[in-house]
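What follows is the residue order along each chain.
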Amino acid sequence: MANPGPDKNGDRDRLAALLGLAEVPGIGAARIRMLVGAFGDPLAAVRAPRAALERLPGFTGAGARAVRAVSLERGRAILQELDRLGARVLTEGDPEFPPLLREIPDAPFTVFVWGDAALLARPAAAIVGSRDHSSYGAEVARGLASGLARAGVVVVSGMARGIDALAHSAALDAGGASVGVLGNGFGVVYPAANRALYDRMAAAGCLVTEFPPGERPHAGAFPRRNRLISGLAMVTVVVEARAQSGALNTADRALDQGRGVLAVPGPITSPTSVGCNRLIQQGAKPVLGVADVLEELGLPEPAASPFAGGSPATPRDLSPLEQTLWAALAGEARHIDALVAAAGADVGAVLTALTDMELRGLVSQRPGMVFAVA
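Cut-offs applied
Residues numbered from 1 in each chain as written. Predicted model: local features only at pLDDT ≥ 70, side-chain atom pairs only at ≥ 80, totals over all residues. Heavy atoms only, no water. Buried < 20%, exposed > 50% of the residue type's maximum accessible area, 1.4 Å probe, protein only. Helix = DSSP H or I, 4+ residues; strand = E, 2+ residues; numbered from the N terminus. Pairing = 2+ DSSP bridges. Right-handed = clockwise from strand over helix to strand, strands pointing away. Contact = heavy atoms within 4.5 Å. Axes fitted to C-alpha atoms, helices over the stretch in contact; angles between N-to-C directions. Core = buried A, V, L, I, M, F, W, Y, C linked by side-chain atoms within 4.5 Å. Polar contact = N/O pair within 3.5 Å; in protein donor to acceptor, adjacent residues only side chain to side chain. Phe/Tyr/Trp six-rings, centres within 6.5 Å; stacked < 30°, edge-to-face > 60°. Lys NZ or Arg CZ within 6 Å of the ring centre and 35° of its normal. Parallel < 35°, antiparallel > 145°, perpendicular 65-115°, else oblique. Left-handed = near helix turned anticlockwise from the far one by under 90°. Nonpolar A, V, L, I, M, F, W, Y, C, P; charged D, E, K, R; others polar. Arc of directions from axis to C-beta. Salt bridge = Lys/Arg side-chain N within 4 Å of Asp/Glu carboxyl O.

Draft legend 1. Local environment of the pairing of strand 5 (residues 178–181). Residues Ser178 and Gly180 point to one face of strand 5 and Val179 and Val181 to the other, with burial holding for every one of them. Where strand 4 (residues 154–157) lies against strand 5, 3 bridges are found, and the strand directions are parallel. Along strand 5, the bridge assignment pairs Val155 with Ser178. Bridging between strand 5 and strand 6 (residues 206–209) involves 3 bridges; their strand directions are parallel. Among the inter-strand pairings, Val179 is bridged to a residue of strand 6, identified as Cys206. With helix 9 (residues 195–204) bridging strand 5 and the parallel strand 6, this β-α-β connection has right-handed handedness.

Okay, structure coming up:
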């Protein structure tokens, strides 16, 4: 079913009926497909006689009543909010619906997208990992994401703090593309510290969610998000993961979907590498560089590895003050006093710039007001 324009009232009402159906408890994608198949479109389904609904496999009297009670006004309100944000909803019949998502078990019937939906059809790799990562994990995540982005691969992740945020930012900093999958609806920024990244992804990348605008995150949302992260990519790379973590859940979903899983080896003494090392023990391909991921995707190797040493590349979109601070930190960690002297600016301006860079995952603060490249 095509995404309607504002002048196509009939199509818009059918889409409003679909969105209303999606909010009925117990009506998942499989039952929506059954209803659309049986009655031709969602609007006809919500207007169908109760007796006809009860004849469908698995539909009780209560289920039929719930379908009949669907409010088109709720669906129209969702569409109006999407219009306000500049976002859209795609159904599985839309040409722009992510082709890889059609192939997964428990595939969604609809997804909400905000940004460049064309990215959803390009070769993609998911990069996931720990929220409480090590400096090693941060370096690897940035190197892999920037290298893949320069090779034309879309970097997919879950918009969480830590490895996710680093991967998204590094892909965009490299001039590439990134897709962020949310465990909540548009208009809700979670975690709040990622607001700048959230705005940047909507403008320069693409945000995807199954949840309607305004829906807040809850515990059950993240496993559903994880299956979309792996579902949008042909390969999932786990950078760092504890023994029990969301990153390992995403890897499990990838395996369920028949997709490749790669893991970055780490020190056997590091709690954040336990999950990755176990994945490798169990047969996951170890990642030693961007070339390993590109090989899994069937793409040519890069001319050079981002792990070849030397100073890290200067990220894009830095202010003049941030560029000065980045250059001052490229070789070693520095105390705030040394950074103020190097920048020739007042302490307040330097601290503000460092905070913005920290939120982007570019720098980290150590005890004693010492800052370093993250």
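Draft legend 2. Geometry of the sheet that holds strand 1 (residues 88–91). If you trace the 9 strands from one edge of the open sheet to the other, you get 1-2-6-5-4-3-7-8-9, paired in mixed fashion. Of all strands in the sheet, those bounded by a partner on one side alone are strand 1 and strand 9 (285–286). Note: strand 2 (residues 110–115) against strand 6, 4 bridges, orientation antiparallel. Each bridged residue has a counterpart across the sheet, and for Gly115 the counterpart in strand 6 is Cys206. Along the sheet, helix 9 contacts strand 2, strand 5 and strand 6; its crossing angle with strand 6, the most-contacted strand, is approximately 105°.

Draft legend 3. Fine view of the nonpolar core. In terms of nonpolar packing, the biggest core is built from 43 residues, with Leu35, Val67, Leu82, Trp114, Phe186, Tyr198 and Leu207 touching the most fellow members. Among the elements of the structure, helix 1 (9–22), helix 2 (29–39), helix 3 (42–46), helix 5 (61–68), helix 6 (72–85), strand 2, helix 8 (163–173) and helix 9 are those that each provide at least two residues to this core. By residue number, the principal contributor to this core is helix 1, which donates 6 residues. Ignoring any residue separated from it by four or fewer positions in sequence, one finds Leu35 in contact with Leu21, Gly40, Ala45, Leu53, Leu56, Phe59 and Val67. In terms of nonpolar packing, the next biggest core, distinct from the first, is built from 35 residues, Val113, Cys206, Ala241 and Leu279 among them.

Draft legend 4. Seen up close, unusual backbone geometry. Here the bond from Tyr190 into Pro191 is cis, since omega is -5°, no more than 30 degrees from zero. For Pro191, the position within the fold is in the loop between strand 5 and helix 9. Positive phi values are uncommon outside glycine, yet Met369 reaches one of about 60°. When you line up the elements, Met369 lands in the loop between strand 11 (363–366) and strand 12 (370–373).

Draft legend 5. Spotlight on the side chain of Ser169. Within the element layout of this structure, Ser169 appears in helix 8. Among the residues examined, Ser169 registers a relative accessible area of 4% and is labelled buried. One polar contact links the side chain of Ser169 to the main-chain carbonyl oxygen of Arg360, over a distance of 3.5 Å. In this structure, Ser169 is in contact with Leu197, Arg200 and Arg360, ignoring residues within four places of it in sequence.

Draft legend 6. Inspection of the packing of aromatic side chains at higher detail. Applying the stated rule across the entire model yields 3 aromatic pairs. Joined through ring pairs, the aromatic side chains of Trp114, Phe186 and Tyr198 make up one cluster. We note Arg31 situated over the ring of Phe59; from NZ or CZ to the ring centre the distance is 5.2 Å.

Draft legend 7. Geometry of the sheet that holds strand 10 (residues 334–335). Strand order in the open sheet formed by 3 strands is 10-12-11, with antiparallel pairing between adjacent strands. Of all strands in the sheet, those bounded by a partner on one side alone are strand 10 and strand 11. Here 2 bridges tie strand 10 to strand 12, and the two strands are oriented antiparallel to one another. Bridging across to strand 12, Arg334 finds its partner in Phe371. Of the strands in this sheet, strand 10, strand 11 and strand 12 touch helix 14 (residues 320–329), which is tilted by about 90° from strand 12.

Draft legend 8. How the structure looks around the packing of helix 10 (residues 221–231) against helix 11 (residues 246–256). The interhelical angle for the contact between helix 10 and helix 11, taken along N-to-C directions, is 55°, at an axis separation of 8 Å. One element, helix 10, and the other, helix 11, form an angle in the oblique class. Here helix 10 and helix 11 pass one another in a crossing that is right-handed. Taken together, the residues of helix 11 that come into contact with helix 10 (itself represented by Pro223, Asn226, Arg227, Ile229 and Ser230) are Gly246, Asn249, Thr250, Arg253 and Ala254. Among the residues forming the contact of helix 10 with helix 11, the class breakdown is 3 nonpolar, 5 polar and 2 charged.

Draft legend 9. Fine view of helix 15 (residues 336–343). Buried within helix 15 are the following residues: Ile336, Leu339 and Val340. Seen along its axis, helix 15 keeps its buried residues to an arc of 100°; they face one direction. Exposed positions of helix 15 whose direction lies more than 90 degrees from the buried face are Asp337 and Ala341. Elements that come into contact with the buried residues of helix 15 comprise helix 14, strand 10, helix 16 (347–359) and strand 12.

Draft legend 10. Structural context of the pattern of salt bridges. Applying the stated criterion across every chain yields a total of 20 salt bridges. For Arg161, the salt bridge goes to Asp132, with nearest N and O atoms at 3.0 Å. Residue Arg161 is found in the loop between strand 4 and helix 8, and its partner Asp132 is found in the loop between strand 3 (124–128) and helix 7 (135–150); the two are separated by 29 residues along the sequence. Residue Asp132 is classed as partly exposed on the basis of its relative accessible area, which comes to 45%. Among the ionic contacts, a cluster of salt bridges with common partners joins Asp106, Glu210, Arg224 and Arg227.

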